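# Structure assessment
So the chains spell out like this:
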Amino acid sequence: MLSPPTTCYLLLLQAHRSQRGFFEFPNHGSPQAKGDKTNGSDFGYVGIDAILEQMRRKAMKQGFEFNIMVVGQSGLGKSTLMNTLFKSKVSRKSVQPNPEERIPKTIEIKSISHDIEEKGVRMKLTVIDTPGFGDQINNENCWQPIMKFINDQYEAYLQEEINIDRKKRIPDSRVHCCIYFIPPTGHCLRPLDVEFMRRLSKVVNIVPVIAKADTLTLEERDYFKQTIREELRANGIDVYPQKEFDEDAEDRMINDKIREMIPFAVVGSDQEYQVNGKRILGRKTKWGTIEVENIAHCEFAYLRDLLIRTHMQNIKDITGSIHYETYRVRRLNESNGHFTPHPSDHPLWRNLCNCYPMQMFWFFFFKLPTK
Amino acid sequence: HKSCMSEERRQGQDKGVRPLSLAGHVGFDSLPDQLVNKSICQGFCFNILCIGETGIGKSTLMDTLFNTNFENFESSHFEPQVKLRAQTYDLQESNVRLRLTVVNTVGFGDQMNKQESYQPVVDYIDRQFESYLQEELKIKRSLHNYHDSRVHACLYFISPSGHSLKSLDLVTMKKLDSKVNIIPVIAKADTISKSELHKFKIKIMSELVSNGVQIYQFPLDDETVAKVNTTMNGHLPFAVVGSTEEVSVGNKMVKARQYPWGVVQVENENHCDFVKLREMLICVNMEDLREQTHTRHYELYRRCKLEEMGFKDTDPECKPVSLQQTYEAKRQEFLVELQKREDEMRQMFVQRVKEKEAELKEAERELQSRFEHLKRIHADEKATLEEKKRLLDEDQSSFSKRRAAAQLLQAQSLTANGKKDKDRKK
């Protein structure tokens, strides 16, 4: 038998439930109990389950990427929330040497990347800021630059994917998650909120949050959340986690719990205070200290768990296998249209494609510079 | 390859990416767990191709490796051509579900003329790549549901002759080394003595090197497994013995082959390299085998196939030219083809119309002639009838004449008789 040091990776790795957070991992599946023998494990150990450790090793070596966009009027605490979420100065404001707060005349898209590491897990985090959103006098079409940016990232990925000589790993700059900040009015969504979320929820995962929630009492907060949920439903807006992408009953159960709680009412802070002998993140006011990570005070911890600790991989998967694929289908159908306006109507279309398989046909015309 | 290298270096020092330290526990260290969890739910796919002569022990080895009895058919030695038989099984160990496909060659090495023996194998491997490529290029595709049938590992079974590789082995492996991860094994290794085995292994490896055959090297880039992989690379090719029968040794039942002169224990590393093979193939490098297949062998196939069809990547320098040319050329091709087909169809249509016209004309003519014929018959009959009528009329008139004459005669004779009588009386 092999000597001890080399057998460490033979230890069985079990998928463990997340004890650290409030939600369970999605796609829990139904792992069979150990010792349950189905066809295959008749006598003795083979080592198939060592593949889990191999995958883990590979993932640790490659590192992860995550791209998060924040959208909301200025002054809603977007930068602070990002810094609180990732416990470091990840926001654009913290990086810029010039702290001058100027509201831009048009919407700008500013993206900044960081390499962060935790317990051996490396991640390239990109925070995309959208200063100027909702700040103009006339906010019509304010979603357009944002929509364009998101689609541009899909386009860049697609172009890489159809290269003949491809990179080993296509760099993923696609926006995985868009946090939308709702101002804490306490009443209902504004037309700007509805318009933005309605359009963008079709191309990206939207996570709406109620910003600066320390201005709402618990009753006001609950009423506000309920109103928002109803308005989202009434307008057909599907925010993350989308009902139609639940994989199975277990998934639905986990995600239903989340859907009953969104939008999360959050408070951000990067200042630490002493409370009951402990150092905690919070906001100190004359009437008390708001503890950011205390779920009795605000729902920051739920947001953090959802985004980072339990559903981050799922968020990336939905972006890659659904939103990106939707974009790709639309884009490829467009390029087929260059050749003939109604490919399906033309009687010779099908015969023609005996030269090349029909599904590869769009490939010919795709690499043209787009207008 | 070169671009791959600089990419790795570039990734390490990305422009505008700064390393940041965290002031507390964020929680994304659970990402590998999240990823593993998703994979557990999806299940894994692994495809092994076994190439070897009939009866060399391919099926037995698979049974032994996976601790199960796959349905095995004993093949005949009289196959006219090499064939491949693929069988898929769903295995499970603790919470890991594996969809294993075992592909065996049938009749390999049995033919008189083995020149084309490698071809069915190459074709099979290419077919799986093609199938994946087709899926990847579809407009509406579902890659995460796709059952990946690409061959991840190829176990090449070398006959335990003790001398050297056969030319069939060299030719086949040379054809396959750029398409699949080759792991050569010496089959039925219990027929070779230890000293012979050592010399045999050296001979095989040197022959592979001198013929430029690239076999799969266990990866050395991860420190966790680099050491054991290096050791194992030195033990290639693995000398294996397969057995699903158990023999009692000491106070345990072990997988073994029982001979009158002793018992060869499959899992005893002094007896054979079976344990090493299982380690390397399954426990340590299964994921790497899958990754190499996808990122190296499949990419090579894809690139060659697309280049063959005339596609080129744009060179950032001279962007529009080659693309435009390719586009125009292809477009012309298609238009010409389109026109040709259209003409063909038009001609065919005209032809058909002509034929139909002729048919109709023919039918019309026939109808006309029949009509004429009937008319003639009718006329004939009429003539006949007319004739008959005329005769009848004639008859009638002659009869009436005769009757009139007869009457006159009778009348005359009556008056003549009367006069005579009168004359007599006077």
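Residues numbered from 1 in each chain as written. Chains lettered and ligands numbered in written order. Predicted model: local features only at pLDDT ≥ 70, side-chain atom pairs only at ≥ 80, totals over all residues. Heavy atoms only, no water.

Under the convention used in this document: UniProt positions are given in the numbering used here, feature names are shortened, and annotations may be inferred rather than shown by experiment.
Under the annotation held in an unreviewed UniProt entry, chain B carries the name Septin and is attributed to Echeneis naucrates. Chain B has a UniProt comment under Sequence similarities (unreviewed entry) that states "Belongs to the TRAFAC class TrmE-Era-EngA-EngB-Septin-like GTPase superfamily. Septin GTPase family."

By the naming in an unreviewed UniProt entry, chain A is Septin, taken from Echeneis naucrates. In its Subcellular location (unreviewed entry) section, the UniProt record describing chain A reads: "Cytoplasm, Cytoskeleton". Taken from UniProt, the Sequence similarities (unreviewed entry) comment for chain A reads in full: "Belongs to the TRAFAC class TrmE-Era-EngA-EngB-Septin-like GTPase superfamily. Septin GTPase family."

## Some details on the overall build of chain A
Our working rule: The way it works is that DSSP assigns letters per residue, a run of H or I at least four long becomes a helix, a run of E at least two long becomes a strand, and they are numbered from the N terminus. Buried means the residue's accessible area, taken with a 1.4 Å probe over protein chains only, is under 20% of the maximum for its type, while exposed means over 50%, and partly exposed covers the values in between. Should any heavy atoms of two residues lie within 4.5 Å, those residues are counted as being in contact. Only the protein chains shown count as covering a residue, and every accessible area follows the Shrake-Rupley method with a 1.4 Å probe.
The helix and strand tally for chain A stands at 11 helices and 9 strands. Expressed as a percentage of the 371 residues in chain A, the buried residues total 54%. Partitioning the contacts of chain A with sequence separation of at least 6, the portion at a separation of at least 24 is 70%. In the form shown here, chain A has an accessible surface area of approximately 17,400 Å², with 51% of it arising from carbon and sulfur atoms.

## Examining unusual backbone geometry
Note that the residue after A:Tyr240, namely A:Pro241, is joined by a cis bond; omega there is -5°. Mapping A:Pro241 onto the fold places it in the loop between α6 (218-234) and α7 (249-259). In the segment running from B:Leu236 into B:Pro237, the intervening peptide bond is cis, with an omega of -10°. Among the secondary structure elements, B:Pro237 is positioned in the loop between α7 (223-233) and β7 (238-239). The residue A:Asn141 is not glycine, and still its phi comes out positive at about 60°. Within the element layout of this structure, A:Asn141 appears in the loop between β3 (121-129) and α4 (143-161). Under the relative-accessibility criterion, A:Asn141 is labelled partly exposed at 37%.

## Points about the packing of aromatic side chains
Rules: In this scheme Phe, Tyr and Trp rings, the latter by its six-membered ring, pair at centre separations within 6.5 Å, and the angle between planes marks the pair as stacked below 30 degrees, edge-to-face above 60, and tilted otherwise. Ring-over charges, as used throughout, are those where CZ of Arg or NZ of Lys falls within 6 Å of the ring centre and within 35 degrees of the ring normal.
Under the counting rule described, the total for this entry stands at 17 aromatic pairs over all chains. Relative to A:Tyr324, the ring of A:Tyr157 lies with its centre 5.0 Å away and its plane at 80°, an arrangement referred to as edge-to-face. Of this pair, A:Tyr157 sits in helix α4 while A:Tyr324 sits in helix α9 (residues 312-336), placing them 167 residues apart in sequence. For A:Tyr157, a relative accessible area of 16% translates into the label buried. Ring-pair connections join several aromatic residues into one group, and the members of that group are B:Phe129, B:Tyr132, B:Tyr146, B:Tyr298 and B:Tyr301. Over the aromatic face of A:Tyr157 sits the side chain of A:Arg174, whose NZ or CZ is 3.7 Å from the ring centroid. One Lys or Arg, B:Arg150, reaches over the ring of B:Tyr132 and ends 3.6 Å from the middle of that ring.

## Some points on the environment of B:Val122
All names here are of chain B. Among the structural elements, Val122 can be located in helix α4 (residues 118-137). With 54 residues separating them along the chain, Val122 and Leu176 place their C-alpha atoms 6.7 Å apart. The residues touching Val122, leaving out its near neighbours within four places in the chain, are Lys175, Leu176 and Lys179.

## Concerning the packing of α7(B) against helix α8 (residues 274-284) of chain B
Residue and element names in this part refer to chain B. Short version of the rule: The axes are straight lines fitted to the C-alpha atoms, using for helices just the contacting stretch, and the angles between their N-to-C directions are given from 0 to 180°. Should an angle fall under 35 degrees it is called roughly parallel, over 145 degrees roughly antiparallel, and 65 to 115 degrees roughly perpendicular, with every other angle called oblique. Helix crossings are classified by the rotation of the near helix relative to the far one: an anticlockwise turn of less than a right angle makes the crossing left-handed, while a clockwise turn makes it right-handed.
The geometry of α7 relative to α8 is characterised by a closest axis approach of 11 Å and an angle of 140° between their N-to-C directions. Between α7 and α8, the interaxial angle falls into the category oblique. Considering only the axes of α7 and α8, their crossing is left-handed. Here α7 contributes Val225, Val228, Asn229 and Met232 to the contact with α8, which in turn contributes Lys276, Met280 and Val284.

## Description of the sheet that holds strand β9 (residues 288-291) of chain A
Residue and element names in this part refer to chain A. Quick reminder of the rule: Pairing between two strands requires that DSSP report at least two bridges joining them.
The sheet built from 3 strands is open, its strands ordered β7-β8-β9 with antiparallel pairing. Every interior strand has two partners, whereas the edge strands, β7 (272-275) and β9, have only one. Within this sheet the neighbouring strands show an average axis-to-axis angle of 65°, counted without direction. Examined bridge by bridge, β7 and strand β8 (residues 278-285) share 4 bridges and lie antiparallel to one another. When the sheet's bridge partners are listed, Gln274 is paired in β8 with Arg279.

## With respect to a nonpolar patch on the surface
Residues and elements named next belong to chain B. Using the following cut-off: Patches here are clusters of residues that have more than 30% relative accessible area and form no salt bridge, with a 9 Å joining cutoff for like charges and a 5 Å cutoff for nonpolar side chains (Val, Leu, Ile, Met, Phe, Trp, Tyr). Salt bridge, as applied in this entry: a Lys or Arg side-chain nitrogen positioned within 4 Å of an Asp or Glu carboxyl oxygen.
A cluster of nonpolar residues, Phe349, Val350 and Val353, forms a patch on the protein surface that exposes about 270 Å² of accessible area. Along the chain, Val353 turns up in helix α10 (residues 319-425). Under the relative-accessibility criterion, Val353 is labelled partly exposed at 38%.

## A word on the UniProt feature "coiled-coil region" (unreviewed entry) in chain B
The feature "coiled-coil region" (unreviewed entry), as annotated in UniProt, sits at residues 346-373 of chain B in this numbering. Helix makes up 100% of residues 346-373 of chain B and strand 0%, whereas the separation of the span's terminal C-alpha atoms amounts to 40 Å.

## Considering the sheet that holds strand β8 (residues 246-249) of chain B
Residues and elements named next belong to chain B. One open sheet accounts for 3 strands, arranged β8-β9-β10; its pairing is antiparallel. Only two strands of the sheet have a single partner each, and these edge strands are β8 and β10 (262-265). Strand-to-strand twist in this sheet, taken as the mean axis angle between neighbours without regard to direction, amounts to 65°.

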